[in-house]
Amino acid sequence: MAVFGNLIAGEWRVGADARANINPSDTNDVIGEYAVGSRRDVEDAVAAARQAMKGWARHTEQQRADILFRVGEEMFARREELGEQLAREEGKTRAEGIGEVTRASQIFRFFAGEVVRFGGEFLPSVRPGIDVSIRREPVGVVGLITPWNFPIAIAAWKIAPALAYGNAVVLKPADLTPASAWALADILHRAGVPAGVFNLVMGRGTVVGQAIVETTDAVSFTGSVATGTGIVQTAASRMIRVQCEMGGKNPLVVMDDADLDLAISCAVDGSFFQTGQRCTASSRLIVHEAIHDRFVAGVAERLEKIVTGHALKAGTQVGPVVDAKQLEQDLSYVDIGEKDGAHALVRGQRLNRETPGFYLSPTLFTESTNDMRINREEVFGPVAAVIRVKDYEEALATANDTVFGLSSGIVTRSQKLSQHFQANSESGLTMVNLPTAGLDYHVPFGGRKGSSYGPREQGRYAAEFYTIVKTSYAMPV
Ligand code: NAD
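Here is what the cut-offs are and how they apply
Residues numbered from 1 in each chain as written. Predicted model: local features only at pLDDT ≥ 70, side-chain atom pairs only at ≥ 80, totals over all residues. Heavy atoms only, no water. Domains from an automatic or database assignment. Contact = heavy atoms within 4.5 Å. Buried area = accessible area lost by both parts, 1.4 Å probe. Salt bridge = Lys/Arg side-chain N within 4 Å of Asp/Glu carboxyl O. Polar contact = N/O pair within 3.5 Å; in protein donor to acceptor, adjacent residues only side chain to side chain. Helix = DSSP H or I, 4+ residues; strand = E, 2+ residues; numbered from the N terminus. Nonpolar A, V, L, I, M, F, W, Y, C, P; charged D, E, K, R; others polar. Near = heavy atom within 4 Å. Areas by Shrake-Rupley, 256 points an atom, 1.4 Å probe, with all protein chains shown as cover. Pairing = 2+ DSSP bridges. Axes fitted to C-alpha atoms, helices over the stretch in contact; angles between N-to-C directions. Phe/Tyr/Trp six-rings, centres within 6.5 Å; stacked < 30°, edge-to-face > 60°. Buried < 20%, exposed > 50% of the residue type's maximum accessible area, 1.4 Å probe, protein only. Lys NZ or Arg CZ within 6 Å of the ring centre and 35° of its normal. Right-handed = clockwise from strand over helix to strand, strands pointing away.

### What about the domain arrangement of the chain?
Point 1. When its domains are assigned, the chain resolves into domain 1 (3-246 + 441-474) and domain 2 (250-432).
Point 2. Put simply, the middle of domain 1 and the middle of domain 2, counted by C-alpha atoms, are 31 Å apart.
Point 3. Each partner contributes residues to the interface: domain 1 has 32 residues there, and domain 2 has 35 residues.
Point 4. Taking both sides of the interface into account, the surface hidden between domain 1 and domain 2 amounts to around 2,600 Å²; carbon and sulfur atoms contribute 59%.
Point 5. Considering only the side of domain 1, the residues that lose the most area to domain 2 are Ser25, Trp148 and Lys449, jointly responsible for 21% of the buried surface there.
Point 6. Our enumeration of links across domain 1 and domain 2 arrives at one salt bridge.
Point 7. Applying the counting criterion to the domain 1 and domain 2 interface returns 16 residue pairs in polar contact (both at pLDDT 80 or more).
Point 8. Every element with two or more residues in the side of domain 1 that touches domain 2 is listed here: strand S5 (26-36), helix H3 (79-90) and helix H4 (94-117).
Point 9. Counting residues per element, the side of domain 1 that touches domain 2 draws most heavily on H3, at four residues.
Point 10. When grouped by side-chain class, the residues that make up the side of domain 1 that touches domain 2 number nine nonpolar, 12 polar and 11 charged.

### Quick word on the site of the ligand
Point 1. The environment of the ligand is made up of 27 residues, and the closest members are Thr146, Ser224, Thr227, Met246 and Glu378.
Point 2. Between the ligand and Thr146, the relevant distance is 2.8 Å, taken from an oxygen atom to a main-chain nitrogen or oxygen of the residue.
Point 3. Contact between the ligand and Trp148: an oxygen atom at 2.9 Å from a side-chain N or O atom of the residue.
Point 4. Contact with the protein chains hides 86% of the accessible area of the ligand, taken as 850 Å² for the molecule alone.

### Looking at the sheet that holds strand S21 (residues 467-474)
Point 1. Reading across the sheet, the three strands line up as S6-S7-S21 and stay open at both edges, with antiparallel pairing between neighbours. Strands at the two margins of the open sheet, each flanked by one partner only, are strand S6 (121-124) and S21. Sheet twist, expressed as the average angle between the axes of neighbouring strands with direction ignored, equals 25°.

### Some remarks on the packing of aromatic side chains
What describes a pair of aromatic rings is the distance from one ring centre to the other and the angle between the planes of the rings.
Point 1. Here the structure, examined in full by the defined rule, presents 10 aromatic pairs.
Point 2. Ring plane angle 75° and centroid distance 4.9 Å describe the contact between Phe4 and Trp182, whose orientation is recorded as edge-to-face. Within this pair, whereas Phe4 is found in strand S1 (residues 3-4), its partner Trp182 is found in helix H6 (residues 178-191), the two being separated by 178 residues in sequence.
Point 3. On the accessibility criterion, Phe4 (29% relative accessible area) is partly exposed.
Point 4. Note on Trp182: relative accessible area 18%, which makes it buried.
Point 5. In this structure an aromatic cluster arises from ring pairing among Phe110, Phe111, Phe118, Tyr165 and Tyr441.
Point 6. Its guanidinium or amino end placed over the ring of Phe150, Lys92 lies 3.9 Å from that ring's centre, counting from NZ or CZ.
Point 7. The side chain of Arg109 reaches across the aromatic face of Phe76, ending 4.9 Å from its centre.

### Concerning the sheet that holds strand S17 (residues 383-389)
The strands making up a sheet associate through hydrogen bonds between their backbones, and the pairing can be parallel or antiparallel.
Point 1. Strand order in the open sheet made by the seven strands is S15-S16-S17-S14-S13-S18-S19, with mixed pairing throughout. Strands with a single pairing partner mark the edges of an open sheet, and in this sheet they are strand S15 (343-346) and strand S19 (429-432). Taking each pair of neighbouring strands and ignoring which way they run, the sheet shows an average axis angle of 25°.
Point 2. Sheet analysis places strand S13 (residues 250-254) next to strand S14 (residues 282-288), joined by five bridges and oriented parallel.

### Quick notes on the side chain of Ser180
Point 1. With respect to the helices and strands, the residue Ser180 is situated in helix H6.
Point 2. We classify Ser180 as buried; its relative accessible area is 1%.

### Quick look at the side chain of Thr436
Point 1. Relative to the helices and strands, Thr436 is located in the loop between S19 and strand S20 (452-453).
Point 2. In this structure the side chain of Thr436 is engaged in a polar contact, spanning 2.6 Å, whose partner is the backbone oxygen of Thr280.
Point 3. Non-local contacts of Thr436, meaning those with residues more than four positions away in its chain, are made with Asn250, Pro251, Leu252, Thr280, Ala281, Ser282, Ser407, Ser408, Gly409 and Met431.

### Description of unusual backbone geometry
Point 1. Here Ala9, not a glycine, exhibits a phi torsion of approximately 55°, which is positive.
Point 2. Mapped onto the elements, Ala9 comes out in the loop between strand S2 (6-8) and strand S3 (11-13).
Point 3. For Ala9, a relative accessible area of 36% puts it in the partly exposed group.

### What about the environment of Pro138?
Point 1. Position of Pro138 relative to the elements: it lies in strand S7 (residues 131-138).
Point 2. Residue classification places Pro138 among the partly exposed positions, given a relative accessible area of 26%.
Point 3. For the pair Pro138 and Met475, spaced 337 residues apart in the sequence, the C-alpha separation amounts to 25 Å.
Point 4. With residues near it in sequence (within four places) discarded, Pro138 still touches Met53, Tyr165, Gly166, Asn167, Tyr466 and Ile468.

### Points about the pairing of S5
Point 1. With two bridges joining them, S1 and S5 adopt parallel strand pairing. Across the sheet, Val3 pairs through a bridge with Glu33, a residue of S5.
Point 2. For strand S4 (residues 17-23) and S5, the ladder comprises seven bridges, and the chain directions are antiparallel. Counterpart to Arg19 in the pairing with S5 is Tyr34.
Point 3. Count of turn residues in the S4/S5 antiparallel hairpin: two residues.

### Observations regarding the pairing of S19
Point 1. Judged by which residues are buried, S19 turns out to be one-sided: Leu429 and Met431 face inward and are buried, whereas Thr430 and Val432, on the alternate face, are not.
Point 2. In terms of strand pairing, strand S18 (residues 407-411) meets S19 through four bridges, oriented parallel. The partner of Ser407 across the bridge, within S19, is Leu429.
Point 3. For the segment spanning S18, helix H14 (residues 415-424) and S19, crossover handedness is right-handed.

### A short note on the environment of Lys305
Point 1. Looking at where Lys305 falls in the secondary structure, it is placed in helix H10 (residues 289-305).
Point 2. Separated by 12 residues in the primary sequence, Lys305 and Gln317 have C-alpha atoms spaced 9.8 Å apart.

Below, the structure written as structure tokens:
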């Protein structure tokens, strides 16, 4: 089987090592062999990026905009094929895969526009006869490290602003999902991104990821808290810019005046779709006691009907878990929840399907408390726990009682509570009568507390990370 190589200095490079990319819906299906890069590959990529940066920054805005637009256009035209490949390597359903590729294409087109819309400021000085201008310049060579759960969208929302604002890039995707990153690299390469401006180095986090953090000018990371913490420490010791988007333990509050069907839909979508493998998943369902029993019965009924199966099979609503290790983690949390005293009203179990894969049915815990491990730690699977509360004050306090702060939601008909929740929820994103997951691409994304570190991603706020401010004083003579 031919090996898909890394893209370094505009050339595809196949090294000594490669890794098979396995379909989690069918472990007999090998999507391809992908290069496993070395520290040397990263050093070469960074050197090429540093060199190519100068020319890229001199490219006119229109040329950069055209390239990004072409990338978005090709992705959109190929969304079915790329979405299917994404579903095949990650395990989300075909529709979810196509949706993600569509999203990625929109991000590239958005930033194509931003290239030419982007400007600075011009102010009078407090001293007479002097002008002050403030401009934003590229940061340099940025290292982008991405997780497996949104292998194209997250790469896109880092690459597009990085390139739009004139930086050069070294991307390291997650080991489990190299095919989506490779496809994106191929599109960027053919769309006319100059050699060295965009580099792809696939490989292990502890080797390739670590080398990126040790050699680039800025690092944007999305992944687990443990990895992010180490990256922040290394970045701080080098005094480079760093941005981390990490885990969540997102609360969905359901009030007694909620539209019951809407509340059930928000919970089922937010907690279980995409196999619960979303940083914005609603894993804590905080429910007012007056609606608790009806809500729980409604969610359980929906879960009994959910079709878990092969990601590419028509009718599948929830695909498999990404790999054997994640499956073990999910199952161990089901045990932990029961040992800690929660009741598994719907108990997840391994499922057998026509093809060998990591199939797991959803778990809904009831009678859980906010101090249980299932409500403190990120499971990252199709597992949610209901916490019963007596009033809004208790619901809000419970929602905020977490080390995380990515997304939160409330289902209520009350304008007053909705406004209060939006103002007082300690999270980066708040949703009213919507699932905690599901976002637009043109507005900022990120969390608080243990969920995020550094400036926001996406939309115009991305410029905070990918540009550096220069203040110029000039006295016309
Ligand atoms: P992970 O931390 O294991 O890996 C993320 C990336 O970091 C991978 O590319 C990995 O190879 C790399 N890496 C690993 N060790 C490294 C090291 N020492 N130095 C540098 N890079 C290293 O996370 P994952 O399992 O791929 O993804 C799941 C996690 O991602 C979950 O915690 C989830 O909440 C989080 N996530 C967060 C967001 C968000 O925006 N907040 C979005 C999606 C996923």
